[in-house]
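Geometric and topological summary
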Amino acid sequence: MLQTALRYSHTLLKEIIKPGDHVIDATMGNGNDTLFLAELVGNDGQVYAFDIQEQALTKTEEKLGALITRSSLFLAGHETIETTIAESQPIQAAIFNLGYLPSSDKKIITLPDTTKQAMKAILKRLSSGGRMILVIYYGHDGGNQEKNAVLDYCTNLPQENYSVLTYQFINQKNNPPILVCVEKKKQLGNS
């Protein structure tokens, strides 16, 4: 059976993340992706997770349990990646779930400008063969603007350096999420 966008995002991450890697959860939310990433990076890896809502941080801490030692949780927007993570730190993968935190204030949403800032910061740090994944939920006020900004940005990435995939069910009602995967191409001489 075809996988949902969220499940497929995990398949794409599992293919490339190994113990010891450093990865980013750009939208911590309820902590599901942070936990998933913490399991993949092992004891020697690190997950950097960002969210602007205290509720997200609390739920993620609870969900991580003993795996909290593999994670750095930031009560900050993903646009702070540029100043929070050293540019010299290679990042193997990053994931965004764009939109709003389920079961919370639907007026608190991710925004096109801050999402673009975060994407640029991640791509600067992305390892050769690394992936940045965005699951775009856009059925809310402001969602279409962010969807269009992300798709426009990713469409214009140079094909010499990046492969960009979109994945979406097109016969479903209620704005089915769109998955975008940006993979940094391996350059000759790089592993």
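Above this text is the structure in question.
First, a word on what this report is: a plain description of the structure on this page.

Parameters and conventions
Residues numbered from 1 in each chain as written. Predicted model: local features only at pLDDT ≥ 70, side-chain atom pairs only at ≥ 80, totals over all residues. Heavy atoms only, no water. Helix = DSSP H or I, 4+ residues; strand = E, 2+ residues; numbered from the N terminus. Rg over C-alpha atoms; globule rule 2.2 N^0.38 Å. Buried < 20%, exposed > 50% of the residue type's maximum accessible area, 1.4 Å probe, protein only. Contact = heavy atoms within 4.5 Å. Areas by Shrake-Rupley, 256 points an atom, 1.4 Å probe, with all protein chains shown as cover. Arc of directions from axis to C-beta. Pairing = 2+ DSSP bridges. Polar contact = N/O pair within 3.5 Å; in protein donor to acceptor, adjacent residues only side chain to side chain.

A few words on the overall build of the protein chain. Tallying secondary structure elements over the protein chain gives 6 helices and 7 strands in all. Secondary structure elements in the protein chain, listed N-terminal to C-terminal, are α-β-α-β-α-β-α-β-α-β-α-β-β. Since a compact globule built from 191 residues should have a radius of gyration of about 16 Å, the 16 Å found for the protein chain is in line with a globular shape. For the protein chain, the spread of C-alpha atoms along the three principal axes comes to 45 × 40 × 35 Å. Of all 191 residues assigned to the protein chain, the portion counted as buried reaches 49%. By sequence separation, contacts in the protein chain at least 24 residues apart represent 72% of the contacts at least 6 residues apart. Summed over all atoms, the accessible surface of the protein chain reaches about 9,700 Å², with 49% contributed by carbon and sulfur.

Looking now at helix 3 (residues 54-64). Among all positions of helix 3, only Ala56, Leu57, Thr60 and Leu64 are buried. Down the axis, helix 3 shows its buried residues gathered within 95 degrees of arc, on one side only. On the buried face of helix 3, the contacting elements are helix 2 (32-41), strand 2 (46-51) and strand 3 (71-75).

Summarising the element assignment, glycine 139 is placed in the loop between strand 5 (126-136) and helix 6 (143-155). A C-alpha to C-alpha distance of 24 Å links glycine 139 and leucine 12, two positions 127 residues apart in sequence.

With that settled, consider the pairing of strand 5. Of all the 11 residues making up strand 5, 11 are buried; the element is thus mostly covered by neighbouring parts of the structure. One ladder, built from 7 bridges, connects strand 4 (residues 91-98) with strand 5; its direction is parallel. In the strand pairing of strand 5, alanine 93 is matched with arginine 131. One ladder, built from 6 bridges, connects strand 5 with strand 7 (residues 178-184); its direction is antiparallel. Bridge pairing in strand 7 places valine 135 opposite leucine 179.

On to the environment of asparagine 156, then. You can see asparagine 156 is positioned in the loop between helix 6 and strand 6 (162-167). For asparagine 156, a relative accessible area of 55% translates into the label exposed. Separated by 2.8 Å, the side chain of asparagine 156 and the backbone oxygen of aspartate 152 make a polar contact.

This is a description of form; function is not addressed.
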